[in-house]
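# Analysis of the macromolecular model
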Amino acid sequence: SIPFLAAVTTRMPSGADCPCCLERNANLSAFTFLPANLRPEACTLCVLPTAPPLDAEMLPPFVWPTTVGEIEAAVKEVEAASLKMLDEVASVNPSNATFETVIEPLMASPHFKTNPLICQSKFLQHCSTDARLREAAEKAGIAFASLKSRGKTRKDVYDVVKAYSDTAEAKALDEFKSHFVNSIVASFEASGLGLSPSDQETLQDLKDKDTAICNEYKKNLSEDKTELFFDPSELTGMDATWISDRKQDDGKVKVTLKYPDIIPINSNCSVENTRKAVLLAREVSAFKNNLDLVAEGIQLRKQIAELLGYETFSAYAVSSRMSGTPQNIDNFLLPLQEKVAKGALDDMKRLSELKVEFLKSQGIENPEPKVNAWDTGFYHSMLLKNDYGVDHEKIKQYFPLDHVVAVTMEIYQELLSLVFTEVEEFDRWHPDVRLFRVTDKATSERVGFFYLDLHPREGKYGHAAIFHLLKRWGSQSPVDCMMCNLPSPSADGKPALLRHSNVVTFFHEFGHIMHGLLSEGDGNSTTYAKCPRDFVEAPSQMLENWCWTQRGLKRLAKHHESGESLPDDLLQSMLAAKNVGVSAGMARQLYLGRLDLTIHGSDPPKNAAGLQELVDRLRPAISGVENPENANMLRSFGHLMNQYASAYYGYMWAEVLSSDMFSEVFEADPFSKESGLKYRKQVLAPGGVGKISDHLEKFLGREPSQAAFLKARGIGVE
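The rules behind these values
- Residues numbered from 1 in each chain as written.
- Predicted model: local features only at pLDDT ≥ 70, side-chain atom pairs only at ≥ 80, totals over all residues.
- Heavy atoms only, no water.
- Core = buried A, V, L, I, M, F, W, Y, C linked by side-chain atoms within 4.5 Å.
- Buried < 20%, exposed > 50% of the residue type's maximum accessible area, 1.4 Å probe, protein only.
- Helix = DSSP H or I, 4+ residues; strand = E, 2+ residues; numbered from the N terminus.
- Contact = heavy atoms within 4.5 Å.
- Patch = residues over 30% accessible without salt bridge, like charges linked within 9 Å, V, L, I, M, F, W, Y side chains within 5 Å.
- Areas by Shrake-Rupley, 256 points an atom, 1.4 Å probe, with all protein chains shown as cover.
- Salt bridge = Lys/Arg side-chain N within 4 Å of Asp/Glu carboxyl O.
- Lys, Arg positive; Asp, Glu negative; His and termini not counted.
- Charge placed at Lys NZ, Arg CZ, Asp CG, Glu CD.
- Polar contact = N/O pair within 3.5 Å; in protein donor to acceptor, adjacent residues only side chain to side chain.
- Disulfide = S-S within 2.5 Å.
- Expected span 1.5 Å × (residues − 1).
- Pairing = 2+ DSSP bridges.
- Axes fitted to C-alpha atoms, helices over the stretch in contact; angles between N-to-C directions.
- Parallel < 35°, antiparallel > 145°, perpendicular 65-115°, else oblique.
- Left-handed = near helix turned anticlockwise from the far one by under 90°.
- Nonpolar A, V, L, I, M, F, W, Y, C, P; charged D, E, K, R; others polar.
- 1 Å grid on protein atoms, 1.4 Å probe; cavity = no way out; pocket = protein on both sides within 12 Å on 5 of 7 lines; lining within 4 Å.
- Points joined across faces, edges and corners; volume = space filled by probe spheres on them.

## Here's the deal with the nonpolar core
- Core analysis: the biggest nonpolar cluster contains 150 residues, and F399, F420, F450, F510, M514 and W546 have the highest contact counts within it.
- With 11 residues, helix α26 (residues 649-666) is the largest single contributor of residues to this core.
- Setting aside anything within four residues of it in sequence, one finds F450 in contact with M409, F420, R434, L435, F436, V438, D480, F510, I513 and L517.
- Judged by nonpolar contacts, the second largest core, of 34 residues, contains F62, F426, L435 and V479.

Below, the structure written as structure tokens:
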């Protein structure tokens, strides 16, 4: 039984008499599901369930706000509590300072994610169907960011912390506690405390402006309403069900810029003008003023870095990461770029040959051999199908979403000695959302919780990411949420089917959940104990390997009709084709990393025209693909307008480390429970405490190496 239904049994049944049902049935993904009290005339299917009573042991400590007023009140409460805490720390007599009176309060500041109100107030900007709540939550996020930044400029607080750090007690602390003392001191010192009062005010103003710009950029992405309409004849090669799900009353097929629409077109549609139209919509005309926002944001970051004594924002951003300096990044990226250059040229040459062959088969004489940006995905898919027997549409039939989700969770439970239990009754922000409680298999102790929100809808975050909603503190467990845009089940009842790349993405993102939940110790993974940006992807990248093992693929695959696993011939074809086009793919990643570092370098472009010139120059020089006229992927390159600014190189940096970890510890037996526990304790449990290089060397038993990465991708191997 569902308890919330008892409260709305007087509601009318679903149907024509309900003022909400027409809207809900016509456009489910965009419908605003409201709490029962806000739409009393609606039927039972048009409202969200009433939140069940909170149970700290069985549920996350969240009651999601349903009004703007609730969010605004929570922000005021957090602001007041934060000010009170900072004042109390500042009032501590340095001669009487202790870890408990000075450091602990700062580790769990009211404006940190150790406080449930933070997530509860700002998270809905990414996922609510109510635009008013999204806007209020966005404002809450800006307020909390400003609060955090301003708190680090409190010299009276810093003076007490610094005095405590020099005491005998502080010097005798264990490694975990010492990390926080050192990190808090460093955080204050990096925030501009050495600046004059007027420069401090300028710095804060710059940071506030950058935060606001990034939020506007993200809002433009999530609320984009671009729609393209095609005749079915313009979608040759597309799956019939895919077309019918999007067909309008006039026979036209509606296409948005969300991933379940654009990725299949990019790979399967044989009509070049259609692929071109979709790419140009995304890179030329969509997302409002995002290109101007990027230009404004990178100038603000340059000014921030200079005020803090750094030549570039990249130098400032990487100073606390594994890489340490931009020069170290260049020393890593440039040799790698040289190693993949020839292979990338060969990859593009093969695609060009395929294009000519295909167009000739369509009756086109003397076809243009140039591979355009809208061609790469289509001809890469054709190469896999023709030369390796890898047909993405055929393979999809073996990866129904529900099965992939279930088996992914089975593998993680086995590997990391955990138990996941689905919670049926909890406070949801949308009916699609699922919740799981995680416990340790050996002790049955609660580890944490995670939400899954997997399907696209209007106003929702448009990529795949993990949101760390709550951090460990005392009896409070961490809570994470996976936000994806995977396809929904079809209108005719056919299950959602995933491309193998979607399977890999889901497996990867789930690894981030485990990293968040399994970091041990109070305050771990907060601002003062963050895993370095150039390592944070490595654990999840390593776990992608499970999607490329025979045993892993056999388990993850189950035909949605017959129930059979992948046939051996198809499985072997997939494994044989794993590195097809890998050099071109890496060249693209190297281009994106260089683009990021350049716009955050010594001379960032000052306007949209400068950004356009840069993309037009760098894209063909590094990736080998000419940039279409006026096209600029910076319009939707959300990584660079959040915490990944000057960090995209970290994907490649971390991928080298991930290959090394898998090769050294897991390759012989990926499903070894002993290796899984070692990984859990030596890589995941430390979180952001201590030097990740030390943890990594302990796990490997040696210093890291590039050899496994290059070998796994066939680079430099004749």
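## Quick word on a negative patch on the surface
- A cluster of acidic residues, D174, E175, D694, E697 and E703, forms a negative patch on the protein surface.
- Inspection of the secondary structure puts D694 in helix α28 (residues 692-700).
- On the accessibility criterion, D694 (44% relative accessible area) is partly exposed.

## Quick notes on the side chain of N220
- Mapped onto the fold, N220 is located in helix α10 (residues 197-222).
- A polar atom in the side chain of N220 sits 3.0 Å from the side chain of N289.
- At 2.8 Å, the side chain of N220 and the side chain of N290 are in polar contact.
- Residues in contact with N220, not counting those within four places in the same chain, are F287, K288, N289, N290 and L293.

## A few points about helix α27 (residues 673-684)
- Listed as buried for α27 are S675, G676, Y679, R680, Q682, V683 and L684.
- Where α27 starts, the residue carrying a side-chain oxygen 3.4 Å from the main-chain nitrogen of E674 turns out to be S672.

## As for the state of the cysteines
- Under the counting rule described, the total for this entry stands at zero disulfides.
- There is no disulfide at C481, and the cysteine sulfur nearest it, in C127, is 6.6 Å away.
- For C481, a relative accessible area of 0% corresponds to the buried category.

## What to know about helix α20 (residues 500-518)
- With 19 residues, α20 extends 27 Å from end C-alpha to end C-alpha; this agrees with the ideal 27 Å at 1.5 Å per step.
- By the criterion of burial, α20 is predominantly enclosed, with 17 of the 19 residues buried.

## Brief notes about the sheet that holds strand β5 (residues 418-423)
- The strand order across the open sheet formed by five strands is β5-β6-β7-β9-β8, and the pairing between neighbours is mixed. What marks the edges here is a single partner per strand, and that holds for β5 and β8 (465-470). Here the average twist between neighbouring strands, direction ignored, is 25°.
- In this fold helix α19 (residues 401-416) packs onto β5, β6 (434-440) and β7 (446-453), with an angle of close to 145° to the strand it touches most, β5.

## Details of the pattern of salt bridges
- Counting across every chain of the model gives 41 salt bridges.
- Of the charged contacts, one joins D453 and K460 as a salt bridge, the two residues approaching to 3.2 Å between their closest N and O atoms. For the pair shown, D453 and K460 are each scored as buried.
- K554 serves as the salt-bridge partner of D568, at 2.9 Å between the closest nitrogen and oxygen.

## Quick word on the packing of helix α16 (residues 326-361) against helix α24 (residues 582-599)
- At a minimum axis separation of 7 Å, α16 and α24 run at an interaxial angle of 140°. The angle between the axes of α16 and α24 places the two elements in the oblique class. Crossing of α16 against α24: the hand is left-handed. When α16 is examined against α24, the residues I329, D330, L333, L334, L336, Q337, V340, G343, A344, D347 and M348 are found in contact with a partner set consisting of V582, S583, A584, M586, A587, L590, R594 and L597.
- For the contact of α16 with α24, a count of residues per class yields 13 nonpolar, three polar and three charged.

## Some words on empty space enclosed by the protein
- Counted by the stated rule, this structure contains four cavities of 30 Å³ or more.
- Lining the largest cavity, in full, are A51, P52, L54, L59, P60, F62, V63, W64, F426, D427 and Y451.
- Among the residues making up the lining of the largest cavity, the classes are represented as 10 nonpolar, no polar and one charged.
- Considered as a void within the structure, the second largest cavity measures approximately 50 Å³ in volume.
- The wall of the second largest cavity is formed by M85, L86, L106, S109, H111, K148, G151, K152, F188 and Y528.
- Mapped onto the lining of the second largest cavity, the elements with two or more residues apiece are α3 (68-90) and α6 (131-151).

## Things to note about the environment of S565
- Note on placement: S565 falls in the loop between α22 (550-556) and α23 (568-576).
- In this structure S565 comes out as partly exposed when scored by relative accessible area, which is 24%.
- Apart from residues no more than four positions distant in its own chain, S565 is found in contact with Y398, L553, K554 and A557.
- Within polar-contact distance, the side chain of S565 engages the backbone oxygen of K554 at 2.8 Å.

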